[in-house]
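Descriptive analysis of the structure
Okay, here's what each chain looks like letter by letter:
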Number of protein chains: 2
Amino acid sequence: MSHPAPGVSPVIPSVGAVAPVAASAVRLTAGFWRTRQDLNTTALLDHCDTWIDRMGWYDTFKTAAGIGPDKPLQGKLFTDADVYKLLEAFAWEVAQRPDSVREARIAEIAGLIAAAQEDDGYLNTFFGPRGREARYTDLAHGHELYCAGHLFQAAVARLRGGTEDDLTRAAIRLADRICEDFGEGGLTGSDGHPEVEVGLMELYRATGQTRYLDQARRFVDQRGHQTFEHHAIGHEYYLDDVPVREATVLRGHVVRAMYLTAGAVDLAVESGDAELLAALVTQWENTWARRTYITGGMGSRHLGESFGRDFELPPDRAYTETCGAVAAIQVAWRLLLATGQSHYADAIERLLYNMIATSPNAEGDRFFYVNPLLAREPGIEVAEGEAPFRKDTLRANWFWVSCCPTNVVRLLSSLTGYFATVDDAALTVQQYFTGEVRTRLADGREVGIDVTTDYPWDGQVAVRVAGSPGTWTLRLRIPAWAAGATVEVDGQTTQAEPGYVSLTRAWADGDVVLLNLPVVARLQRPDSRIDALRGTAAVQRGPLVYCAESVVADTGAVDLDTFRLDTTAPLVEAAAQGPSDAAEVVRVRGVLADPEPTRAWPYAEPGTGAVPVPGAGVGAGAAGAAGAAAEIELVPYYAWSNRGPSTMRVWIPVDGG
Amino acid sequence: MSHPAPGVSPVIPSVGAVAPVAASAVRLTAGFWRTRQDLNTTALLDHCDTWIDRMGWYDTFKTAAGIGPDKPLQGKLFTDADVYKLLEAFAWEVAQRPDSVREARIAEIAGLIAAAQEDDGYLNTFFGPRGREARYTDLAHGHELYCAGHLFQAAVARLRGGTEDDLTRAAIRLADRICEDFGEGGLTGSDGHPEVEVGLMELYRATGQTRYLDQARRFVDQRGHQTFEHHAIGHEYYLDDVPVREATVLRGHVVRAMYLTAGAVDLAVESGDAELLAALVTQWENTWARRTYITGGMGSRHLGESFGRDFELPPDRAYTETCGAVAAIQVAWRLLLATGQSHYADAIERLLYNMIATSPNAEGDRFFYVNPLLAREPGIEVAEGEAPFRKDTLRANWFWVSCCPTNVVRLLSSLTGYFATVDDAALTVQQYFTGEVRTRLADGREVGIDVTTDYPWDGQVAVRVAGSPGTWTLRLRIPAWAAGATVEVDGQTTQAEPGYVSLTRAWADGDVVLLNLPVVARLQRPDSRIDALRGTAAVQRGPLVYCAESVVADTGAVDLDTFRLDTTAPLVEAAAQGPSDAAEVVRVRGVLADPEPTRAWPYAEPGTGAVPVPGAGVGAGAAGAAGAAAEIELVPYYAWSNRGPSTMRVWIPVDGG
């Protein structure tokens, strides 16, 4: 099928298996994601605006415009991009939820950006006449084109909301500048941090200017020839080790890998390059199968913020930065649109519930950056008002490098743009929510549905047809974890296998489909090749991964450190009690192991005792009665650290290994 | 006891429980360490000299002297120290094995150093008038005082060999300069990388100048007040988070931690500061008990080359750089001298056999830098003649940052200085070797022993008294792993408990003591708090840790990836066959697990199948018959990668978890 689908949608391919339903066509009225959408609108966006200002990252535009405060540049090489990501979020917001105050703020910031732009269209506050270096002098690390890519995405959001302004004009002028400078016969090389590719591709889609597509192709093709400086993890850091179409798995810096892949998918789709698309599909599948955490998080190494090797997935040193999850959703969504395969929507679901929902706190003024799956010691707290340099802390107001908060807000502002798709005669619900969809099928017919659910706490989803007479297909995604799902229409209940269930009939206004997804707590065991998880199990309930927190688990009777899960005992679900932002908890049973003895050396022949050394002061933690049966309560992973610093485990050691 | 023991010895405290026997008093005549000592003398030292020259690190001295080649500075901020470490090694060499060619080379390099020194005594090729920056402008990262500390250690080696020359004069002039600049009323602050402290302390011991001790105390006391720049792992990177005497465990950058501790132990000993010494003992013991790998290696994180938290000991991402092991030996030796406790000598043994012996290849032209305990994929090969930027490769000729090779050679050149101690009426053999000791007890009497053993392959050690009439004590260390050891003297066999066995008698020339250490393969299990090692076991035989290599293990019948160790089966020892630089191998029995199925997602409910996805290309490795009994051969860890790239496991998954 071929379709230019207009609307407020972050990705609008001209061709694909399915087409996006615009964010503006999906309205949330209640539930899990409405809560987060509201938090974004009422708190997170303004929080980011305030902090960008406080950090001096708007001031760099004033400096570049020659109207800046007389002080050294405050931002970092990539902070222009944070301004652009926030503007992108603002643009998605006002396109769906008109707000004159927000419009004025956009105009104000866009004016600043336009003022900072040079006469020939070049724009970056850290390079050029008022920057620190001449333009294009440090492509490997300078983030010039990376920042440009984010400006393009912000402009696309604005254009899709129907507005042309200082922002969109600045983006187009810069895009033209880059095409001049890096086009045929121009400079070679690309940015050490991909992003310009995906920005150019979507700007091409929004404007129809093929030179942007051509330039994106040049950037994608130039990559993989080991031209950037050496890096501690090798050329793969930049995805410069192997050409994009030859690689078989993603590697190196996670966000770089995902942004590059997103742009390359766009390029493959718009070019009809099936070979490139197939290579990108293989890369995603291998990455998902071997280099991804159960939360959907990616990035096994702090060094280089990078993927590890296959099955290198340590839970404690998981880097899994939030930006990587945002970027992975962008890739999965593109592959879903291109292929129509449900497992990409499964991936988006996993990432949304376990990575995106984890990021902000309930008050909307703090964010995680790094998202480990095991905290053997309580996490590092950050004082109110501090922007830490290190990233492996608990949630903080802001970070010295603060890419993640602005990435989360631009995703939440366009969230409903990832929830549904259409094709010729079908509307597909890709994610479950309470609200309504009013859109057109690809054949032009108007359709509407109202959805009601308490998902993810409960698996019943009621879909009520609103208007939309005629024969068309309502398609519902059955997640891979939902074996045993059923669909009830007109008193008839049928089994629905994981994948999609398609209901084609002559719908009438008010017809109701009841989907029943088996949202029950399930034990999960890791692939035996993940050495770091040997002898453990985790609990997932519906799309939510659960975890144990010492602040909940540790009592006089139970010490989380010695708790060993009994995998044969039933998992007990219960309504959450006390202060929690989760509706359901899961209680798991196990036994308490002997606490480890005081030891001078942590390795011993089985059956031999410890060798205490005077003065060592080595001691095991407090423990309950060894061998005793015990029960602990698990909470959704996204809610961890909401009850204060705590040790935490997603993967719990099992009794008997 | 109090004793200034003269001689060729890297550490000569004025007081302590035991005193070092000089390196020059211990002569190796054959065996494991003689082979490595010879390799050092005939190959490693010249290899380092050649590579330092090739990298241009001598040229920076010429540039600083104003006689340099007209090209940009080639070294890095810390490469002066590599020159000094090699000179230290040369100095230990010629003091024990006179060599006029080596002497001439020392004079040549020392002349270069003297020429580079400024008139006021300042010396660093990267700072000052011909350097890149003004002196002392980047104490956090500049390595100025760090390099100075290594110059002091080189000068101490020279002085203890009885020579004063350009090198020793340059060191003393620089030490005086630093005392002027950073002494009472001078600059505050210290170097981001400790080393100057231990250099000053030993220079104090070698010269008697108390201003060096006072300055070392100032540097130690200034640390721990969070004055350096922020770092991605926090102030602990610099050991600047907590004052030295308040810390309870080592943390941050491993080499920084160990060098600082070595200097602080020296300071505590020479100041009679029992409180400081107790704090350092506690830090060592907790570090050894909770933050050390079975190889003795330290450093769980590549980021910051740092310790992890307690029990964070991933085998695959073990950083465990060789320098950390050299530095840990320096600390353990100092604590042994201060306390006389055998477990410090046990630690040195573990580090020597499993970290130091692992470093060079048998040809003496390549070194490891990073020393993982698990290679899930074959390691990264480095071409001949290349000095890689990344450090996580297999052995390489050299590295872009090449601190480890020069650290290994200075240790090997002074190796026998770590093998024996004396106190008032006792000679203690701390390490086992074939060779002779001719020294004096602290009471002045001459004693001698000849030692014959095939250790570490065999546990029998024959100690023959040479001359040395009169009543004195021969003390032999019984390693902690050697429960069941016996000692036979004069036809009488007695049990010897781990620790020391002391034999006091009127010795006669030719008296023989036969020590029998139970060198047998033993299974080792990790502390249950080490999450990364759950469900695994390792094999140690005598002091040697063993490992499985795919190049040895993988055959048509056995796939190392699916091998599960049977912990109830006997470990079978055998003489090594074929190309190996080890004398003994260990065969372990187990079963082959089912290979993991092709999966689109690596986590699953127990008992559910995989969800294959078209195009994923996910596959398990080749495997033998699942469930079949199998046997694999383990080789000493130090020998890994000598038979080509290979996957490797120290910790082997056990059958049934």
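A short tour of the structure in this document, coming up. (Residues numbered from 1 in each chain as written. Chains lettered and ligands numbered in written order. Predicted model: local features only at pLDDT ≥ 70, side-chain atom pairs only at ≥ 80, totals over all residues. Heavy atoms only, no water.)

**Concerning the overall build of chain A**
Heads up, the rule is: Helix and strand labels come from DSSP, where a helix needs a run of H or I of at least four residues and a strand needs a run of E of at least two; each type is numbered from the N terminus. Radius of gyration means the value over C-alpha atoms here, while the globule rule gives 2.2 Å times the residue count to the 0.38 power. For each residue, the accessible area found with a 1.4 Å probe, counting protein chains only, is set against the maximum for its type, and the residue is called buried under 20%, exposed over 50%, and partly exposed in between. Only heavy atoms enter the contact rule, under which two residues are in contact if any of them lie within 4.5 Å. Methods summary: accessible areas were calculated by the Shrake-Rupley approach with a probe of 1.4 Å, and residue burial reflects only the protein chains presented. Lys and Arg are tallied as positive, Asp and Glu as negative. Neither His nor the chain termini are counted. For this purpose, a charge sits on NZ of Lys, CZ of Arg, CG of Asp or CD of Glu.
Scanning chain A from N- to C-terminus turns up 14 helices and 23 strands. In terms of overall dimensions, chain A is globule-like: its C-alpha atoms have a radius of gyration of 25 Å, near the 26 Å expected for 657 residues. Dimensions of chain A, computed from the C-alpha atoms along their principal axes, are close to 75 × 70 × 45 Å. Residues classed as buried in chain A amount to 65% of the 657 residues present. Within chain A, contacts between residues separated by at least 24 positions form 68% of all contacts whose residues are at least 6 apart in sequence. Total accessible area computed for chain A in this model is approximately 20500 Å², and 49% of it derives from carbon and sulfur atoms. Averaging the coordinates of the 58 positive side-chain charges in chain A and doing the same for the 85 negative ones gives two points 0 Å apart.

**Some thoughts on the side chain of T261 of chain A**
Structurally, the position occupied by T261 of chain A is in helix α9 (residues 254–271). The contact partners of T261 of chain A, leaving out residues within four places of it in the chain, are L250, L280 and V331 of chain A.

**Focus: the sheet that holds strand β13 (residues 512–516) of chain A**
Residue and element names in this part refer to chain A. Rule in force here: The rule for pairing is simple: two strands pair if DSSP sees at least two bridges between them. With axes taken as lines fitted to C-alpha atoms, and helix axes fitted only over the stretch in contact, angles between N-to-C directions fall between 0 and 180 degrees.
As summarised here, the arrangement of the seven strands in space is β2-β6-β7-β8-β13-β10-β11, forming an open sheet in which the pairing is antiparallel. Of all strands in the sheet, those with a lone pairing partner are β2 (26–30) and β11 (492–496), marking the two edges. When the angles between neighbouring strand axes are averaged without regard to direction, this sheet yields 20 degrees. Both strand β7 (residues 446–453) and strand β8 (residues 460–465) contribute to a ladder of five bridges, which runs antiparallel. Paired with V451 across the strands is V463, a residue of β8.

**Here we look at the interface of chain A and chain B**
Quick reminder of the rule: The quantity reported as buried area is the accessible area (1.4 Å probe) lost by two parts once they are put together, taken as the sum for both. Any Lys or Arg side-chain nitrogen found within 4 Å of a carboxyl oxygen on Asp or Glu counts as a salt bridge.
Contacts between chain A and chain B engage 72 residues on the former and 72 residues on the latter. With both chains or domains summed, chain A and chain B bury close to 6300 Å², and 51% of this area falls on carbon and sulfur atoms. Per-residue buried area on chain A facing chain B is highest for R534, W601 and Y603 of chain A; these three make up 12% of the total on that side. In this structure, the connection of chain A to chain B is made through twelve salt bridges. As a salt-bridge pair, R649 of chain B and D531 of chain A come within 2.9 Å of each other at their nearest N and O atoms. Contributing elements (two or more residues each) for the side of chain A that touches chain B: α10 (274–290), α12 (342–356), β14 (521–526) and β20 (603–604) of chain A. Here the element with the most residues in the side of chain A that touches chain B is α10 of chain A; it accounts for six residues.

**Things to note about the pairing of strand β16 (residues 544–549) of chain A**
All names here are of chain A. In terms of burial, β16 is largely enclosed, as six of its six residues are buried. Side chains of β16 alternate between two faces, with L544, Y546 and A548 and V545, C547 and E549 buried alike. Examined bridge by bridge, strand β15 (residues 536–541) and β16 share two bridges and lie antiparallel to one another. The residue of β16 that forms the bridge with Q540 is V545. Adjacent in sequence and paired antiparallel, β15 and β16 are bridged by two residues, among which G542 carries a positive phi angle near 60 degrees.

**A few points about the sheet that holds strand β5 (residues 426–429) of chain B**
Paired through their backbone hydrogen bonds, the strands of a sheet run either parallel or antiparallel. Residues and elements named next belong to chain B. Strand order in this open sheet of five strands is β1-β4-β5-β9-β12, and the pairing throughout is mixed. Each of the sheet's edge strands pairs with one partner strand only, and the pair in question is β1 (19–20) and β12 (499–507). Most of the contacts of helix α12 (residues 342–356) go to strand β9 (residues 470–478), to which it runs at about 55 degrees, and overall it touches β9 and β12.

**Examining the relation of the copies chain A and chain B**
Keep this limit in mind: Copy-to-copy alignment: least squares on C-alpha atoms, limited to residues at pLDDT 70 or above in both.
Once chain A has been moved 0.0 Å along the axis and rotated by 180 degrees, it coincides with chain B to within an RMSD of 0.0 Å. When the rotation and shift are considered jointly, the pair of chain copies conforms to a two-fold rotation axis. Most of the interface of chain A is mirrored in chain B: 100% of its interface residues are interface residues there too.

**Regarding the side chain of N371 of chain A**
All names here are of chain A. Summarising the element assignment, N371 is placed in the loop between α12 and β3 (374–375). Residue class for N371 comes out buried when judged on its relative accessible area of 0%. Residues within four places of N371 in sequence aside, it is in contact with A318, Y319, T320, E321, T322, M355, T358 and Y637.

**Digging into α10 of chain A**
Put simply, the rule reads: Working rule for helices: expected span equals 1.5 Å times residues minus one.
Along its 17 residues, α10 of chain A runs 24 Å from first to last C-alpha, staying within 8% of the 24 Å computed at 1.5 Å per residue. Of all 17 residues in α10 of chain A, 13 are buried; the element is thus mostly enclosed.

**Describing the pattern of salt bridges**
For the coordinates displayed, the defined rule picks out 115 salt bridges over all chains. R97 of chain A is paired through a salt bridge with E93 of chain A; the nearest N and O atoms lie 2.9 Å apart. Relative accessible area serves as the criterion here: at 25%, R97 of chain A is assigned to the partly exposed category. Residues R205 of chain B and D266 of chain B are paired through a salt bridge, measuring 2.8 Å at the closest nitrogen-oxygen approach. Residue R205 of chain B is located in helix α7 (residues 196–207), and its partner D266 of chain B is located in helix α9 (residues 254–271); the two are separated by 61 residues in the primary sequence.

**Describing the packing of aromatic side chains**
All names here are of chain A. Our working rule: Each Phe, Tyr or Trp ring (for Trp, its six-membered ring) is paired with any other whose centre lies within 6.5 Å, and the angle between the two planes then decides the class: stacked below 30 degrees, edge-to-face above 60, tilted in between.
Enumeration according to the criterion identifies 55 aromatic pairs over all chains in this entry. Summarising the aromatic geometry, the rings of Y237 and Y238 are spaced 5.0 Å apart at their centres and angled 80 degrees between planes, so their arrangement reads as edge-to-face. We note that Y237, like Y238, is buried. Judged by centre distance (5.4 Å) and plane angle (15 degrees), the ring pair of F368 and W640 falls under stacked. One end of the pair, F368, is in the loop between α12 and β3; the other, W640, is in the loop between β21 (629–636) and β22 (648–649), and 272 residues separate them in sequence. By relative accessible area, which is 0% here, F368 ends up buried. By relative accessible area, W640 is classed as buried at 2%.

**Digging into helix α7 (residues 196–207) of chain A**
Residue and element names in this part refer to chain A. Taking 1.5 Å per residue as the helical rise, α7 with its twelve residues ought to reach 16 Å, and the 16 Å between its terminal C-alpha atoms agrees with that figure. When we look at burial in α7, the residues that qualify are V196, E197, V198, G199, L200, M201, E202, L203, Y204 and R205. Packed against the buried residues of α7 are α5 (144–160), α6 (166–182), α8 (210–222), α9 and α11 (322–339). The first or second residue beyond α7 is G208, which carries a positive phi of 80 degrees.

**Some details on the packing of α7 of chain B against helix α8 (residues 210–222) of chain B**
Think of two packed helices as two axes; the pair is described by the angle between the axes and how far apart they sit. All names here are of chain B. The cut-off we apply is this: Note that the term roughly parallel is reserved for angles under 35 degrees, roughly antiparallel for angles over 145, roughly perpendicular for angles of 65 to 115, and oblique for everything else. Crossing handedness is read from the near helix: turned anticlockwise from the far helix by less than a right angle, it gives a left-handed crossing, and turned clockwise, a right-handed one. Polarity classes work like this: nonpolar for Ala, Val, Leu, Ile, Met, Phe, Trp, Tyr, Cys and Pro, charged for Asp, Glu, Lys and Arg, and polar for all others, with Gly in that last group.
For the pair α7 and α8, interaxial distance at closest approach is 8 Å and the crossing angle is 160 degrees. Classified by the angle between their axes, α7 and α8 sit roughly antiparallel to one another. Of the two elements, α7 crosses α8, and the hand of that crossing is left-handed. Contacts between α7 and α8 involve V196, E197, L200, M201, L203, Y204 and T207 from the first element and T210, Y212, L213, Q215, A216, F219 and V220 from the second. Tallied by class, residues from the contact of α7 with α8 come to ten nonpolar, three polar and one charged.

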